[in-house]
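Commentary on secondary and tertiary structure
As a plain string of letters, each chain reads:
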Amino acid sequence: MKVEIWSDIACPWCYIGKRRFETALAGFEHRGDVEVSWRSYQLDPSLPEHNDGTEVQYLSERKGIDPTQLAGMLEQVTAQAAGVGLNYDFDSLVVANSFSAHRLIHLARTEAGTAAADGVKEALLSAHFEQGRDIGSAEVLAEIGARAGLDPERVRTMLAEGEFTDEVNADIAEAQQLGVSGVPFFVIDRKYGISGAQPPELFTQALETAWEESRPLQMVTPPAAGSADGPACGPDGC
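Attention here is on the structure that accompanies the text. (Residues numbered from 1 in each chain as written. Predicted model: local features only at pLDDT ≥ 70, side-chain atom pairs only at ≥ 80, totals over all residues. Heavy atoms only, no water.)

**Points about the overall build of the protein chain**
For the protein chain, the count of helices and strands is nine helices and four strands. Secondary structure of the protein chain in N-to-C order comes out as β-α-β-α-α-α-α-α-α-α-β-β-α. Relative to a compact globule of 238 residues, whose C-alpha radius of gyration would be 18 Å, the protein chain shows 22 Å and is clearly more extended. In the protein chain, which comprises 238 residues, the proportion classed as buried is 43%. Contacts in the protein chain between residues at least 24 apart in sequence constitute 71% of all its contacts with a sequence separation of at least 6. Counting every atom, the protein chain has about 12200 Å² of accessible surface; 49% of that belongs to carbon and sulfur. Across the protein chain, the mean location of the 18 positive side-chain charges is 1 Å away from that of the 37 negative side-chain charges. (Helix = DSSP H or I, 4+ residues; strand = E, 2+ residues; numbered from the N terminus. Rg over C-alpha atoms; globule rule 2.2 N^0.38 Å. Buried < 20%, exposed > 50% of the residue type's maximum accessible area, 1.4 Å probe, protein only. Contact = heavy atoms within 4.5 Å. Areas by Shrake-Rupley, 256 points an atom, 1.4 Å probe, with all protein chains shown as cover. Lys, Arg positive; Asp, Glu negative; His and termini not counted. Charge placed at Lys NZ, Arg CZ, Asp CG, Glu CD.)

The structure is reproduced here in structure tokens:
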């Protein structure tokens, strides 16, 4: 069973949603048969590679919200994050464009597999929301890649040469085709969509439903019987 998750590294609810989904997945009986694939999305593609303002300044200017009101909203998000074991620090957050970071996730998946991609995704989110690191910095991305088992020089070359730009853009375009208007957005087996950082219970329900519907019917053959068919009636009689 495949779960695709469209999310942005610069999205605080995406990290919270990741934790809530992981809680549900950890308790799912068939978790070993679930493949999780991270898909790219950008909330603000126009953001410069580096922004000298604070998160409150950036968001208040972009959304037109009073800074005091916005600070209160971020406090509420911080409390929600703490509820799933995350330590958000919006005062130290470095506002940066996430496009290059998404490219790093694609590199990790291509060269080291889905587990490495998940590790890079986790490290990027933590670096951005908990550690006050610049996810637009090539050196920071090379370090994160190295911790996931990638060659840091390979990461720098990838960033310098623009590799995986098409793949990130393709993810974003596919999200638009699917009607995704906000993240995180979870797609299970291209049949079920879940919008937002929902409670773990909802993810559990969706996983169980999708699993049951994806399994083919198994015929039970009685012992010592040559066929699974017993006496029955059909259109031609009994």
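After that view of the structure, there is still more to cover.
**So, the environment of Ile16**
With respect to the helices and strands, the residue Ile16 is situated in helix α1 (residues 12-26). The exposure class of Ile16 is buried, given its relative accessible area of 0%. Each C-alpha atom, one on Ile16 and one on Gly119, is 16 Å from the other, the two residues being 103 residues apart in sequence. The contacts of Ile16, once residues within four sequence positions are left out, are Val77, Gln80, Ala81, Val84, Leu86, Tyr88 and Ala197.

**Thoughts on the pattern of salt bridges**
This structure, assessed with the given rule, holds 18 salt bridges. Here Arg39 and Glu4 are joined by a salt bridge, their closest N and O atoms 2.4 Å apart. With Arg39 in strand β2 (residues 35-40) and Glu4 in strand β1 (residues 2-7), this pair connects stretches of sequence that are 35 residues apart. You can call Arg39 buried: its relative accessible area is 11%. (Salt bridge = Lys/Arg side-chain N within 4 Å of Asp/Glu carboxyl O.)

**Section: helix α3 (residues 67-82)**
In this model, α3 (16 residues) spans 22 Å end to end at C-alpha, consistent with the 22 Å of a helix rising 1.5 Å per residue. Residues of α3 that are buried in the fold lie against α1 and α2 (55-63). The N-capping residue of α3, defined by a side-chain oxygen 3.0 Å from the backbone nitrogen of Thr68, is Asp66. (Expected span 1.5 Å × (residues − 1). Polar contact = N/O pair within 3.5 Å; in protein donor to acceptor, adjacent residues only side chain to side chain.)

**Some thoughts on the sheet that holds strand β4 (residues 192-195)**
With respect to topology, four strands assemble into an open sheet ordered β2-β1-β3-β4, the strand pairing being mixed. Edge positions in the sheet fall to β2 and β4, since each of these pairs with one other strand and no more. In this sheet, adjacent strand axes meet at a mean angle of 20° when their direction is disregarded. As judged from the four bridges shared by strand β3 (residues 185-188) and β4, these two strands associate in the antiparallel manner. Bridged to Ile188 within β4 is Tyr192. Across the sheet, helix α5 (residues 114-129) touches β1 and β2, and the angle it forms with β2 is around 50°. (Pairing = 2+ DSSP bridges. Axes fitted to C-alpha atoms, helices over the stretch in contact; angles between N-to-C directions.)

So far we have only geometry, and geometry alone does not tell us how the molecule works.
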